[in-house]
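# Coordinates in review
Residues per chain, in single letters:
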Amino acid sequence: MNQLTLYTTLGCHLCEQLEALLENLHRGEYRLVRVEISEDEALMARYAVRIPVLVDAAGDELDRGFEPSRLAAWLAERRRLDDATWRRLQASELGPEARVQEEQVPTKQRPGGRRYLG
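Criteria and cut-off values
- Residues numbered from 1 in each chain as written.
- Predicted model: local features only at pLDDT ≥ 70, side-chain atom pairs only at ≥ 80, totals over all residues.
- Heavy atoms only, no water.
- Salt bridge = Lys/Arg side-chain N within 4 Å of Asp/Glu carboxyl O.
- Helix = DSSP H or I, 4+ residues; strand = E, 2+ residues; numbered from the N terminus.
- Buried < 20%, exposed > 50% of the residue type's maximum accessible area, 1.4 Å probe, protein only.
- Pairing = 2+ DSSP bridges.
- Axes fitted to C-alpha atoms, helices over the stretch in contact; angles between N-to-C directions.
- Contact = heavy atoms within 4.5 Å.
- Core = buried A, V, L, I, M, F, W, Y, C linked by side-chain atoms within 4.5 Å.

### Describing the pattern of salt bridges
- Counting across every chain of the model gives 9 salt bridges.
- Of the charged contacts in the structure, one is a salt bridge between glutamate 61 and arginine 46, with a shortest N-O distance of 2.8 Å. You can see glutamate 61 sitting in strand E4 (residues 61–63) and its partner arginine 46 sitting in helix H2 (residues 41–47), a full 15 residues away along the chain.
- Classification of glutamate 61 by relative accessible area gives partly exposed; the value is 26%.
- For arginine 46, a relative accessible area of 48% gives the class partly exposed.

Here you go:
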């Protein structure tokens, strides 16, 4: 199982967008560990203006992963991109550079209040 870490903070809508994209574009199973940066001064200094930051098990970071093309490229480098889903997203009205917005993409509610693409 692929281990990923997401540096985030409460109410980060860009973090929610990244999680929704990741749910759909990641091929295979993964475990996402969320790290709340507001509880640690060092993490705030490092990530406050960069969140969401997605990190793989090797420590490689991805800033701005809420941009579909950036996340897709990052996952492809790790051989974790669901190519079929990525092609559908590119062909959709959203296009690869569009931001995912709740009113454009149906979402489902997870336990704990997190939403993801349906």
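### Considering the sheet that holds strand E3 (residues 53–56)
- Read across the open sheet, the 4 strands follow the order E2-E1-E3-E4; overall the sheet is mixed. Single-partner strands in this sheet number two, and they are strand E2 (30–36) and E4. On average, each strand axis in the sheet is inclined to that of its neighbour by 25°, with strand direction left out of account.
- Strand direction decides the pairing type here: strand E1 (residues 2–8) and E2, joined by 7 bridges, are parallel. For threonine 8, the partnering residue across the bridge sits in E2 and is glutamate 36.
- Seen against the sheet, helix H1 (residues 13–25) touches E1, E2 and E3 and runs at an angle of roughly 165° to E1.
- In this fold helix H3 (residues 68–77) packs onto E1, E3 and E4, with an angle of close to 165° to the strand it touches most, E4.

### Side note on the nonpolar core
- Grouped together as the largest cluster of nonpolar side chains are 28 residues, with contacts concentrated most on Leu22, Leu54 and Leu71.
- When residues of this core are traced back to their parent elements, those giving at least two are E1, H1, E2, H2, E3, H3 and helix H4 (83–91).
- Sorting elements by how many residues they give to this core places H1 first, with 6 residues.

### Some details on unusual backbone geometry
- Note the cis peptide between isoleucine 51 and proline 52, where omega equals 0°.
- Structurally, the position occupied by proline 52 is in the loop between H2 and E3.
- Phi is positive for arginine 64, which is not a glycine, with a value near 55°.
- Within the element layout of this structure, arginine 64 appears in the loop between E4 and H3.
- The partly exposed category is assigned to arginine 64, whose relative accessible area is 40%.

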